[in-house]
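The lines below spell out each chain.
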Amino acid sequence: MLRRLIDTLLVGMVYSEIDLILLGPQLDEDEMVPDASHDIRPRFHKAKVVGGSRPNKEDEAENKNKFSSKEMKSNDDEELDDDEDGEEEEEEEDDDDLDEEDDYDMHSPDWNLRKCSAAGLDMISNVFHDELLPILLPLLQQRLNEQVPWQVKESAILAIGAVAEGCSTGISEHLSALLPFLVSQLIDKQPLVRSISCWTLSRYTKWIVLSENLEAFLGPVLTALLQKVVDSNKRVQEAACSAFSTLEEAACDALSPHLPLILKTLSLAFQKYQTKNLIILYDVVGTLAESVGSGLQEGDNVETLLAPLIKKWNDLPDDDPTLSPLLECLTSVTIAVGPAFLPYAPPVIARCQRILEATLYAQAVATRDDSDPPEKDVMVCAIDLLSGLAEGLGAALPPLLSPAVAESLVAATCESAKDSDDDVRQTSFALIGDLAKAGVHNEILIRLDSLIPLILSNLNENVPPSISNNACWALGEIALRVGGEAVSRFVENSMKSLLDLLEVCRNSGGKSKHVLSDNVAITIGRLALCCPGAIAPHLESFLAEWCLALKALPENLEKASAFRGLCAVVRINPQAGGNRFIYFCYAIASWQQPHSDLQQMFFSILQGFKNSMSLDTWNQFFLSPQFPEDLRVSLQKKYHV
């Protein structure tokens, strides 16, 4: 029965005559044919989310703790969305599954017999797993014979990709032979065979990257996919770009030795592509930057990468629909190349600021005249790019800004942070924090009386978590950069808003609330570091909740700064711990490798707490059954208490 079902599904996966008639011109060498407007899918930019919960790549710098504003393919579902609970997260995952199923034929707008058959085989493979292979593989071997029609061979290649996840263990034994075969099909004379071979290869990228003989597979697959990126058929170009993007996300630093070839090929693609694939190419470049990071700074990589991007930047007017994906791409690139972007930065900053101010003016006119508001997607992308520049250039940014330019930029960003559009507010708060972090201090300092209340008004349960998250992060960055004297008058109101938000996070679920809780804990720590005397008297009321949130953070510079603030207030008010001191113990035990100064602080506070009581009282606390054995052993080993 199962064999009959599988055979039926394989037959259904073959392109029908009607399918091929509908595909029509897509089967030709059509790279010189301009795209029709209806062929270009609309794009929706996702505003930048900053945060302290994701571990750094190497924990090198705080600014690596940020969430990208866009993902070409969200395979790991790490974006921070405005979901309010776990149910909405599950719905989002379901949507991702549908997107993945769409890849069975990315060019078909509707579910047809071919797509349904492929999706059915995928689902069956996730039920029967490797038990399916003794039935499936002989059927595929028959269909991969050189004497069969190309449509049948193409459907068999599709089937190999469809079972990649469900039969991953069993089929891995055959991949050393399957992968070279798939690579060989990339030069087939039929574009549909080449394109489906790209997709099927992308389904096995994780196996390639985890292979013991990585380079034996990565090099040939990467080279073959790059050749198809500049194929003469637009459908193959798109499939190759999608497959290569998936490979980028999986391989990351392993791509570094291949960067000269990659960048040379992508530069050639910029010269060949029509509008639809050009937008996809921007995503490929952005994903490459996020995957390889600082590796792009080596040799001639920056010049090779930026030459076609800057040309497009100069050619496109502000109202061009392809400007937004270019801005998104440049955001990822500027963060990756860092100071190497400095020669290109001034005109980019000027244009982004012009887009921001022009959109704000158009919004003011629309409000005055009660007319339709302007489109704001390009403005959001421009703000994100400014944020990326601040992150990538760091301290090199302020010298590029004259006092007047810096003042107008901060003023415009503060104004956009009042916008009714959620994405605009979200990305504006991220830019405010990034500007503070980069050293644009004076212009922020003179606006604190209006800026801090604006931030606090976005720290409540009625505001989407991603906006509260960015506002919270900006508050912490401002506190660190402008100093305790400047922010001390805002501490009481700030703490009230932060503690209320921490309580909301504790009582609700969802990934976004966990990330928000992390950022709230970090920001409290930063305020404590700047103004310990103002926070210490209230420590007892929130020490437990704060320590629980800090405990969950990954070990990085943001966690370290928060713990320095924690230690500062505990030193001032050591009696505030009382029965809650065990939560402090849990928090410091979460560190596997604390910085040397932090380790000394922990040692000093623990010893001070022990010495503040008699030995009997200490033993009643430390040796009681309520004090977990593993925690006791950890503290004794690290801090000799």
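Cut-offs and rules
- Residues numbered from 1 in each chain as written.
- Predicted model: local features only at pLDDT ≥ 70, side-chain atom pairs only at ≥ 80, totals over all residues.
- Heavy atoms only, no water.
- Helix = DSSP H or I, 4+ residues; strand = E, 2+ residues; numbered from the N terminus.
- Buried < 20%, exposed > 50% of the residue type's maximum accessible area, 1.4 Å probe, protein only.
- Contact = heavy atoms within 4.5 Å.
- Core = buried A, V, L, I, M, F, W, Y, C linked by side-chain atoms within 4.5 Å.
- Phe/Tyr/Trp six-rings, centres within 6.5 Å; stacked < 30°, edge-to-face > 60°.
- Lys NZ or Arg CZ within 6 Å of the ring centre and 35° of its normal.
- Axes fitted to C-alpha atoms, helices over the stretch in contact; angles between N-to-C directions.
- Left-handed = near helix turned anticlockwise from the far one by under 90°.
- Nonpolar A, V, L, I, M, F, W, Y, C, P; charged D, E, K, R; others polar.
- pLDDT = per-residue confidence, 0-100.
- Salt bridge = Lys/Arg side-chain N within 4 Å of Asp/Glu carboxyl O.
- Parallel < 35°, antiparallel > 145°, perpendicular 65-115°, else oblique.
- Expected span 1.5 Å × (residues − 1).
- Disulfide = S-S within 2.5 Å.

When helices and strands are counted, the protein shows 33 helices and two strands. Here the protein holds 641 residues, and the buried ones make up 57% of them. Relative to all contacts within the protein whose residues are 6 or more apart in sequence, the contacts with residues 24 or more apart total 76%.

This part covers the nonpolar core. Leu121, Leu309, Ile455, Trp546 and Leu635 are the most contacted members of the largest nonpolar core, which totals 199 residues. Looking at which element gives the most residues to this core, the answer is helix α18 (residues 377-393), with 11 residues. Dropping the residues within four chain positions of it, tryptophan 546 is found in contact with Leu502, Ala521, Ile524, Gly525, Ala528, Leu539, Ala562, Gly565, Leu566 and Val569.

Here we come to the environment of leucine 186. Structurally, leucine 186 is set in the loop between α8 (175-184) and α9 (191-202). For the pair leucine 186 and isoleucine 196, spaced 10 residues apart in the sequence, the C-alpha separation amounts to 8.8 Å. Beyond its immediate chain neighbours, meaning those up to four positions away, leucine 186 contacts Arg194, Ser197, Cys198, Leu201, Ala224, Leu225 and Lys228.

Scanning the model with the defined rule gives 16 aromatic pairs in all. Seen in terms of ring centroids, tryptophan 618 and phenylalanine 622 are 4.9 Å apart; in terms of plane orientation they differ by 15°. Their pairing is stacked. Here tryptophan 618 pairs with phenylalanine 622, and both are found in helix α32 (residues 615-622), just four residues apart, close to one helical turn. Every member of this aromatic cluster is reached through a ring pair, and the members are Phe581, Phe584, Phe609, Trp618, Phe621, Phe622 and Phe627. Positioned above the aromatic ring of tyrosine 15, the side-chain terminus of arginine 114 is 3.9 Å from the ring centre. A cation over a ring is seen here: lysine 559 above tryptophan 591, with NZ or CZ 5.1 Å from the ring centre.

Once that is clear, we can look at the packing of helix α17 (residues 345-369) against α18. Packing of α17 against α18 leaves a shortest axis separation of 9 Å and a crossing angle of 145°. Of the two possible hands of crossing, α17 and α18 adopt the one that is left-handed. Of the residues in α18, those touching α17 at Ala345, Val348, Ile349, Cys352, Gln353, Ile355, Leu356, Thr359 and Leu360 are Val378, Met379, Ala382, Ile383, Leu385, Leu386, Leu389 and Leu393. Residues of the contact of α17 with α18, tallied by class, amount to 15 nonpolar, two polar and no charged.

As a further point, take the confidence of the model for the protein. In this model, the protein carries an average pLDDT of 87, and 88% of its residues clear a pLDDT of 70 or more. Confidence over residues 53-102 falls short of pLDDT 50; this stretch has 117 contacts with residues more than four positions distant or in other chains.

Tallied over the full model, the rule gives 26 salt bridges. Where aspartate 7 meets arginine 143, a salt bridge forms, and the shortest distance between an N and an O atom there is 2.8 Å. Taken as a pair, aspartate 7 in helix α1 (residues 2-12) and arginine 143 in helix α5 (residues 133-143) lie far apart in primary sequence, 136 residues in all. Under the relative-accessibility criterion, aspartate 7 is labelled partly exposed at 31%. Between arginine 526 and glutamate 477 there is a salt bridge whose closest N-O contact spans 2.7 Å. Pair noted here: arginine 526 is in helix α26 (residues 511-530) and glutamate 477 is in helix α23 (residues 465-482), with a separation of 49 residues, a long-range link.

A word on the packing of α17 against helix α19 (residues 403-416). Between α17 and α19, the least distance of the axes is 10 Å, while the angle of their chain directions is 45°. As judged from the angle between their axes, α17 and α19 are oblique. Considering how the two elements wind past one another, α17 and α19 form a crossing that is left-handed. Taken together, the residues of α19 that come into contact with α17 (itself represented by Gln353, Leu356, Glu357 and Leu360) are Val405, Ser408, Leu409, Ala412, Thr413, Glu415 and Ser416. Residue composition of the contact of α17 with α19, grouped by class: five nonpolar, four polar and two charged.

This paragraph deals with unusual backbone geometry. You will see that histidine 129, though not glycine, has its phi angle at about 55°, which is positive. As for its placement among the helices and strands, histidine 129 is situated in the loop between α4 (113-128) and α5. Classification of histidine 129 as partly exposed rests on a relative accessible area of 39%. In this model, aspartate 370 sits at a positive phi of 55°, which is unusual for a non-glycine residue. Take aspartate 370: it is sitting in the loop between α17 and α18. The exposure class assigned to aspartate 370 is exposed, which follows from its relative accessible area of 72%.

On to helix α11 (residues 214-229). In this model, α11 (16 residues) spans 22 Å end to end at C-alpha, consistent with the 22 Å of a helix rising 1.5 Å per residue. Burial in α11 covers these residues: Phe217, Leu218, Gly219, Val221, Leu222, Ala224, Leu225, Leu226, Lys228 and Val229. Buried residues along α11 sit against α8, α9, α10 (205-210), α12 (234-251) and α13 (259-272).

Attention shifts here to the state of the cysteines. Under the criterion given, the structure shown has zero disulfides. Left without a disulfide partner, cysteine 198 is nearest to the cysteine sulfur of cysteine 241, which lies 9.3 Å away. Unpaired in terms of disulfides, cysteine 531 finds its nearest cysteine sulfur in cysteine 530, a separation of 5.7 Å. Its relative accessible area of 5% is what places cysteine 531 among the buried residues.

Along the chain, aspartate 253 turns up in the loop between α12 and α13. The sequence separation of aspartate 253 and serine 291 amounts to 38 residues, and the corresponding C-alpha distance is 6.8 Å.

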